[in-house]
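Each chain is listed here by its residues.
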There are 2 protein chains.
Amino acid sequence: MSRTITARALTRKAFAPFGDVIDKPNYPGRIPINGGRARRLPPMAEAVAAGEGGGVFISLVEGDPYALPLKLDLVERHPLGSQAFIPLTAEPFLVIVCPDENGRPGTPQAFLTAPWQGINYHRNTWHGVLAPLGQPQDFIVVDRGGPGVNLEEWTFDEPWTVLPG
Amino acid sequence: MSRTITARALTRKAFAPFGDVIDKPNYPGRIPINGGRARRLPPMAEAVAAGEGGGVFISLVEGDPYALPLKLDLVERHPLGSQAFIPLTAEPFLVIVCPDENGRPGTPQAFLTAPWQGINYHRNTWHGVLAPLGQPQDFIVVDRGGPGVNLEEWTFDEPWTVLPG
């Protein structure tokens, strides 16, 4: 069972080296706005767009479902910007990231979101494909648009297998 | 019934002078990504952050419900950035905007969203408070953070009344 990893629950702490968790936190820190009729929570993520002529855009992505175990042979990263995925349905999805090791992805880590959790990959973080589980899922995407090469892909010599937790 | 406006359905065309509609459009233009396992739609909105040290952040806002008719006595605008609200529940909410007339808000216009529609106010667009209807609603907010004065408020001498369409 070499080249096998197991998905675990997505938490802010475990995901911190790779990005931000976007959800409705239980902790305090709500700031009243609109005359007290609404409350703003502290920012959960920054959308970063580097490079000449780049900007931050809000888009929508339709994802087809995957099943576990999942074969992982490709990861990618975006050198010029962060990338957030916010699900528009409650179903959990799979988030796969890798630490960088001298310009190439190290051992992948897989996280399973809780209902309504989204994520924001930090700029230049290796990550796997968008992976809804069991059924199609739509996502709001907040990421960089503009000129420049903002995609780097890496194909593993030998695929990884992601198992359910 | 002077100082009264009637809410109408939110459409891209009607809202274009004020901002963007964020939803899942029926039109084509989907770009395959992730080896064809996902499709990216053309960007619906740009998140703008002007001014020294500003950035784009992803936050969450909890909104208390309003009822129609709604009394509108205050609008605001953000000189340094756009502001997007993406609902996390299906319920429609009320969007109120005003054209600018020599630095002050003109006659308000009210729009009622369809389920799951969100909006992005363009930078410096006069708009009313976040107005869920009938029940509380959470929103993902994508807007500018950073130093500088990014809020201008305007209180109407005589309130407007917003009626259901």
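- With an unreviewed UniProt entry as reference, chain A is termed Ureidoglycolate lyase, source organism Terrihabitans rhizophilus.
- What the UniProt record of chain A gives under Catalytic activity (unreviewed entry) is the line "(S)-ureidoglycolate = urea + glyoxylate".
- Within the UniProt record for chain A, the comment given under Subunit (unreviewed entry) is "Homodimer."

1. Some details on the overall build of chain A
So, point 1. A count of helical and extended segments in chain A gives 1 helix and 18 strands.
So, point 2. Its C-alpha radius of gyration of 16 Å places chain A within 12% of the 15 Å reference for a compact globule of 165 residues.
So, point 3. When the backbone C-alpha atoms are referred to their principal axes, chain A occupies close to 55 × 40 × 30 Å.
So, point 4. For chain A, the residues scored as buried account for 50% of the 165 residues in total.
So, point 5. For chain A, contacts bridging at least 24 residues in sequence account for 81% of all contacts bridging at least 6.
So, point 6. About 7200 Å² of surface is accessible on chain A, with carbon and sulfur atoms providing 54% of the total.

2. Section: the interface of chain B and chain A
So, point 1. Taken together, the contact pairs 42 residues of chain B with 42 residues of chain A.
So, point 2. Counting the surface lost from both chain B and chain A, the interface buries some 3800 Å², and carbon and sulfur atoms represent 52% of this.
So, point 3. At the junction of chain B with chain A, the criterion picks out 12 salt bridges.
So, point 4. For the salt bridge of Arg39 of chain A with Asp64 of chain B, the shortest nitrogen-to-oxygen distance reads 2.8 Å.
So, point 5. On inspection of chain B and its partner chain A, the count reaches 24 residue pairs in polar contact (both at pLDDT 80 or more).

3. Section: unusual backbone geometry
So, point 1. Of note, the bond from Leu68 of chain A into Pro69 of chain A is cis; its omega dihedral lies within 30 degrees of zero at -5°.
So, point 2. For Pro69 of chain A, the position within the fold is in the loop between β7 (55-63) and β8 (70-77).
So, point 3. Although it is not a glycine, Asn34 of chain A adopts a positive phi angle of roughly 50°.
So, point 4. Overall, the relative accessible area of 18% leaves Asn34 of chain A in the buried class.
So, point 5. Positive phi is not limited to glycine here, since Asn102 of chain B has a value of about 55°.
So, point 6. Along the chain, Asn102 of chain B turns up in the loop between β11 (100-101) and β12 (104-105).

4. Side note on the relation of the copies chain B and chain A
So, point 1. If you rotate chain B by 180° and push it 0.0 Å along the axis, it lands on chain A with an RMSD of 0.0 Å. Here the symmetry operator amounts to a two-fold rotation axis.

5. Structural notes on the layout of surface pockets
So, point 1. By volume, the largest pocket amounts to about 500 Å³.
So, point 2. Around the largest pocket, the lining comprises 30 residues; the ones closest to its centre are Ile33 and Arg40 of chain A together with Glu76, His78 and Gln83 of chain B.
So, point 3. Of all the secondary structure elements, the ones that give two or more residues to the lining of the largest pocket are β7 (55-63), β8 (70-77), β9 (83-87), β10 (93-98) and β17 (137-145) of chain B.
So, point 4. Taken as a whole, the second largest pocket holds about 420 Å³ of empty space.

6. Topic: the side chain of Asn150 of chain A
All names here are of chain A.
So, point 1. Within the element layout of this structure, Asn150 appears in the loop between β17 (137-145) and β18 (152-163).
So, point 2. Side-chain polar atoms of Asn150 contact the backbone nitrogen of Leu80, separated by 2.7 Å.
So, point 3. Excluding anything up to four places from it in sequence, Asn150 contacts Arg77, His78, Pro79, Leu80, Gly81 and Arg144.

7. A few points about the packing of aromatic side chains
So, point 1. Under the counting rule described, the total for this entry stands at 15 aromatic pairs over all chains.
So, point 2. When the centroid spacing of 6.1 Å and the interplanar angle of 90° are considered together, the rings of Phe85 of chain A and Phe139 of chain A count as edge-to-face. You can see Phe85 of chain A sitting in strand β9 (residues 83-87) and its partner Phe139 of chain A sitting in strand β17, a full 54 residues away along the chain. The pair Phe85 of chain A / Phe139 of chain A is uniform in exposure class, with both members buried.
So, point 3. Seen from their ring centres, Phe85 of chain B and Tyr121 of chain B are 6.0 Å apart, and the 75° between their planes marks the pair as edge-to-face. Separated by 36 residues along the polypeptide, Phe85 of chain B in strand β9 and Tyr121 of chain B in strand β14 (residues 118-121) bring together distant segments of the chain.

8. A look at the confidence of the model for chain A
So, point 1. Here chain A averages 95 in pLDDT, while 99% of its residues score no lower than 70.
So, point 2. Both scores are given for the predicted complex: the pTM is 0.95, the ipTM 0.95.

9. Things to note about the nonpolar core
So, point 1. Ranked by internal contacts, the top residues of the largest apolar core, which has 26 residues, are Ile58, Ile140 and Val142 of chain A together with Ile58, Ile140 and Val142 of chain B.
So, point 2. Those elements giving two or more residues to this core turn out to be β6 (45-47), β7, β9 and β17 of chain A together with β6 (45-47), β7, β9 and β17 of chain B.
So, point 3. Those residues in contact with Val142 of chain B, other than ones at most four positions away along the chain, are Ile58 and Val142 of chain A together with Ala47, Val56, Phe57, Ile58, Ser82, Gln83 and Ala84 of chain B.

Calculation criteria
Residues numbered from 1 in each chain as written. Chains lettered and ligands numbered in written order. Predicted model: local features only at pLDDT ≥ 70, side-chain atom pairs only at ≥ 80, totals over all residues. Heavy atoms only, no water. UniProt positions renumbered as here; feature names shortened; annotations may be inferred. Helix = DSSP H or I, 4+ residues; strand = E, 2+ residues; numbered from the N terminus. Rg over C-alpha atoms; globule rule 2.2 N^0.38 Å. Buried < 20%, exposed > 50% of the residue type's maximum accessible area, 1.4 Å probe, protein only. Contact = heavy atoms within 4.5 Å. Areas by Shrake-Rupley, 256 points an atom, 1.4 Å probe, with all protein chains shown as cover. Buried area = accessible area lost by both parts, 1.4 Å probe. Salt bridge = Lys/Arg side-chain N within 4 Å of Asp/Glu carboxyl O. Polar contact = N/O pair within 3.5 Å; in protein donor to acceptor, adjacent residues only side chain to side chain. Least-squares fit on C-alpha atoms with pLDDT ≥ 70 in both. 1 Å grid on protein atoms, 1.4 Å probe; cavity = no way out; pocket = protein on both sides within 12 Å on 5 of 7 lines; lining within 4 Å. Points joined across faces, edges and corners; volume = space filled by probe spheres on them. Phe/Tyr/Trp six-rings, centres within 6.5 Å; stacked < 30°, edge-to-face > 60°. pLDDT = per-residue confidence, 0-100. Core = buried A, V, L, I, M, F, W, Y, C linked by side-chain atoms within 4.5 Å.

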